[in-house]
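An overview of the molecular structure
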Amino acid sequence: MNENTPSPAAVRRVACIGAGVIGGGWVAHFLARGYQVTAWDPASGFEAKLRRLVDAAWPALMELGLADRASRDNLVIAPTLEDAVAEAEFVQESAPEDLALKRDLLARIDAATPAGVVISSSTSGYGMTEMQVDCPTPQRLVVGHPFNPPYLIPLVEVVGGERTEPWAVQWAAEFFEVAGKSVITMDREVPGFIANRLQEAIWREALHMVANGEATPAQIDASITEGPGLRWPLLGPCLTFHLAGGEGGMAHMLDHFGPSLKSPWTRLEAPELTDELRDAMVQGCEEAADGRSIAELVADRDRAVIAVMRAIDGVRNGKP
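This is a predicted model, so every value here is computed, not measured.

Moving on: the sheet that holds strand E8 (residues 182-185). The eight strands lie next to each other as E3-E2-E1-E4-E5-E6-E7-E8, forming an open sheet whose pairing is mixed. Two strands in the sheet have a free side with no partner beyond their single neighbour: strand E3 (75-77) and E8. Neighbour-to-neighbour, the strand axes of this sheet turn through a mean angle of 25°, independent of strand direction. Relative to strand E4 (residues 90-93), strand E1 (residues 13-17) runs parallel, the two sharing four bridges. In the sheet register, Ala15 faces E4, and the bridge partner there is Val91. Contacting strand E2 (36-40) and E3, helix H2 (residues 46-64) runs over the sheet at an angle of about 165° to E3. Contacting E1, E2, E4, strand E5 (119-121) and strand E6 (141-145), helix H4 (residues 99-112) runs over the sheet at an angle of about 165° to E4.

This is the structure:
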């Protein structure tokens, strides 16, 4: 960090490098949050596609609520990458998942971006350690992994690489929160980060089941949308299993159902349920519950499931 690094709340100018589905989604999100956005992409004719994407996203963003100064007129198309980042106070890169391309592009961005400005990558799986190798000032580069569409899904996973300095990770996390995102600041790098690894586990098991004639895609989707998926928006899988233990919570659930980890319910290999793992899960769920009792969590879950079911029914039946 240096004297040129703005506070996260003071940022007004954002550069988006790469303007495909993810990059364009970032552009729409930042515009809706009131930022001045400069975009660049090497593809010919990208401006028309980008503006169509922003226009398509705008009704949803209006429904969510636009920030002060939000306007599609705040989008500027830069002729070069260097022009795009010249006055940026934050940079979000969203190039395709090609490691050589990412390394080269981030090095170019780093060389052209004003000193002290944080640079974030939308990579879905690469660690910043392997992407920042050619960067002249790698200490300011972080991963800011969004979810599609970035203008609608709030989660961003933030993590640095081995050469990233802690201030950059903290700054990026604070900036994304100011920009209206829900942030997970990861403790360490792991390929695919957190949410993609969980998504990938379900996806791979789904492919196994279809390949073996055990289920159809329609059955797989219904098993989530009509089952556990209804519980996850509020509590997630860990607190859901915490409630599966009844009044004993996660401790009782693991003690009672722990042996089923060795049952052939998935192709994934389960870890050994050591005392350390058990205690980490119990303590983690207590922290996530944040003082709420099992009865309170159950009541919250039930209200949330009813709200989700009613909202889905309204969408299916065309109700406002």
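Relative to the helices and strands, Cys238 is located in helix H9 (residues 232-244). When its relative accessible area of 41% is taken as the criterion, Cys238 is described as partly exposed. Separated by 43 residues in sequence, Cys238 and Met281 place their C-alpha atoms 8.2 Å apart. Filtering out sequence-adjacent residues up to four positions away, Cys238 remains in contact with Met250, Met281 and Cys285.

It is worth spelling out the UniProt feature "domain: 3-hydroxyacyl-CoA dehydrogenase C-terminal" (unreviewed entry) in the protein chain at this point. UniProt marks residues 192-260 with the feature "domain: 3-hydroxyacyl-CoA dehydrogenase C-terminal" (unreviewed entry), using the numbering shown here. The distance separating the terminal C-alpha atoms of residues 192-260 is 27 Å; by composition the span is 70% helix and 0% strand.

What follows concerns the packing of aromatic side chains. One pass over the full model with this rule turns up 11 aromatic pairs. Their ring planes at 90° and their centres at 5.7 Å tell us that Phe30 and Tyr35 sit as a pair that is edge-to-face. The same class applies to Phe30 and to Tyr35, which are both buried. Over the aromatic face of Trp26 sits the side chain of Lys181, whose NZ or CZ is 5.2 Å from the ring centroid.

The rules behind these values
- Residue indices begin from 1 for each chain and proceed along its sequence in written order.
- Given that this is a predicted model, residues contribute local features only at a pLDDT of at least 70 and side-chain atom pairs are listed and counted only at 80 or more, while totals for whole chains, interfaces and linings are drawn from all residues.
- Values shown for side chains rest on all heavy atoms present in the structure; no hydrogens or waters enter the calculation.
- By the convention used here, strands pair only if DSSP detects at least 2 bridges between them.
- Starting at the N terminus, helices and strands are each numbered in turn, a helix being any DSSP run of H or I of at least four residues and a strand any DSSP run of E of at least two.
- Orientation is described by lines fitted to C-alpha atoms, with helices fitted over the stretch in contact, and by angles between N-to-C directions that extend from 0 to 180 degrees.
- Note on contacts: a residue pair is in contact if any heavy atoms of the two residues lie within 4.5 Å.
- Residue exposure (1.4 Å probe, protein chains only): buried if accessible area is under 20% of the type maximum, exposed if over 50%, otherwise partly exposed.
- UniProt positions are given in the numbering used here, feature names are shortened, and annotations may be inferred rather than shown by experiment.
- A pair of aromatic rings is counted whenever rings of Phe, Tyr or Trp (Trp by its six-membered ring) have centres within 6.5 Å, and the orientation is called stacked for planes under 30 degrees apart, edge-to-face for over 60 and tilted otherwise.
- Criterion for a charge above a ring: Arg CZ or Lys NZ at most 6 Å from the ring centre, at most 35 degrees from the ring normal.

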